[in-house]
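Summary of structural features
Chain by chain, the residues:
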Amino acid sequence: GDTTPPDPGPPAITTAALPVTIQAAGNLMLGSYTRQSSANSLPKSTNIFSNSGSVSLGTVNANRDTVFVSGPAGVTISATSLTTQGDVSVSSSGPIVAGKIVSGGTVSINSGAGDIAIGEIDAGGSVFVTSASGSITVSDIDTSTGTGGVLLSISCVTNDSCGLSPASVGAAPGKDDT
């Protein structure tokens, strides 16, 4: 079910992409992972998540897969990289720290309350990095191999809930800010 074989004619052959899910109730640590692939392999999905803890990843090569990583208590991706030709989505309520993310598609990183610190993102599509209240630090973003844009966003309930003054977030002082 991983590849599309030559179609010998009627009846048509239908193949299904087989997803991989790696899940833990608590903390999840994955030293290395490689999704086997060939020239005829279908894009699939690799899902790595913890229900209540953190996720720590070593070297991940997901080949053509769309990759979803989620750890409510935090996500750490090694300096060596998470690599795929597909899209990458990383989410957490806590901090997200990544050395390098390489994607042939879109990269979406979202933290509900933690800081985000990323060394390098190479993406063939757009890059979206958002934090509800933490800081965002990305050393290098490269979308030169694709057609994507870049959005870095911190969305606070009020200007000072992130510890920022109205001037530092580009807002003019309102009547309650004096």
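Reading the values: the criteria
Residues numbered from 1 in each chain as written. Predicted model: local features only at pLDDT ≥ 70, side-chain atom pairs only at ≥ 80, totals over all residues. Heavy atoms only, no water. Helix = DSSP H or I, 4+ residues; strand = E, 2+ residues; numbered from the N terminus. Buried < 20%, exposed > 50% of the residue type's maximum accessible area, 1.4 Å probe, protein only. Contact = heavy atoms within 4.5 Å. Areas by Shrake-Rupley, 256 points an atom, 1.4 Å probe, with all protein chains shown as cover. Pairing = 2+ DSSP bridges. Axes fitted to C-alpha atoms, helices over the stretch in contact; angles between N-to-C directions. Salt bridge = Lys/Arg side-chain N within 4 Å of Asp/Glu carboxyl O. Core = buried A, V, L, I, M, F, W, Y, C linked by side-chain atoms within 4.5 Å. Polar contact = N/O pair within 3.5 Å; in protein donor to acceptor, adjacent residues only side chain to side chain.

What the protein chain contains, in helices and strands, is 0 helices and 14 strands. For the protein chain, the sequential pattern of α-helices and β-strands runs β-β-β-β-β-β-β-β-β-β-β-β-β-β. Out of the 178 residues belonging to the protein chain, those deemed buried represent 35%. For the protein chain, restricting intrachain contacts to residue pairs at least 6 apart in sequence, the fraction spanning at least 24 positions comes to 21%. Total accessible area computed for the protein chain in this model is approximately 9,100 Å², and 54% of it derives from carbon and sulfur atoms.

With respect to topology, 7 strands assemble into an open sheet ordered E1-E3-E5-E8-E10-E12-E14, the strand pairing being parallel. The open sheet is flanked by strand E1 (20–24) and strand E14 (150–154), the only strands paired with a single partner. Geometrically, the sheet is characterised by an average inter-axis angle of 5 degrees between neighbouring strands, direction not taken into account. Pairing of strand E5 (residues 66–70) with strand E8 (residues 88–92), which is carried by 4 bridges, proceeds in the parallel orientation.

Bringing the pattern of salt bridges into the picture now. Evaluated as defined, the whole model comprises 1 salt bridge. Close ionic contact of Arg 35 with Asp 65 constitutes a salt bridge, the shortest N to O distance being 3.2 Å. Of this pair, Arg 35 sits in the loop between strand E2 (28–34) and strand E3 (45–50) while Asp 65 sits in the loop between strand E4 (54–61) and E5, placing them 30 residues apart in sequence. With respect to burial, Arg 35 and Asp 65 carry one shared label: buried.

This brings us to the nonpolar core. Of all hydrophobic cores here, the largest spans 28 residues; its most connected members are Leu 57 and Ile 109. When residues in this core are grouped by element, the largest group, 4 residues, is from strand E11 (residues 116–123). Non-local contacts of Leu 57, meaning those with residues more than four positions away in its chain, are made with Leu 30, Ile 48, Val 69, Thr 76, Ile 77, Ser 78 and Leu 82.

With respect to the helices, strands and loops of the structure, Ser 70 is situated in strand E5. As for Ser 70 and Ser 111, which are separated by 41 residues in sequence, their C-alpha atoms are 9.9 Å apart. Residues within four places of Ser 70 in sequence aside, it is in contact with Ile 48, Phe 49, Ser 50, Val 55, Val 75 and Ser 91. Reaching out from Ser 70, the side chain makes a polar contact with the side chain of Ser 91 at a distance of 3.4 Å.

This paragraph deals with the side chain of Asn 47. Within the secondary structure layout, Asn 47 lies in strand E3. According to the relative accessible area criterion, Asn 47 is buried, its value standing at 16%. Residues contacting Asn 47, with those up to four places away along its chain left out, are Pro 19, Val 20, Thr 21, Ile 22 and Phe 68.

What follows concerns the pairing of E3. Burial of E3 is extensive: 5 of the 6 residues sit out of reach of the surface. As judged from the 5 bridges shared by E1 and E3, these two strands associate in the parallel manner. Looking at E3, one finds that Ile 22 is bridged to Ile 48.

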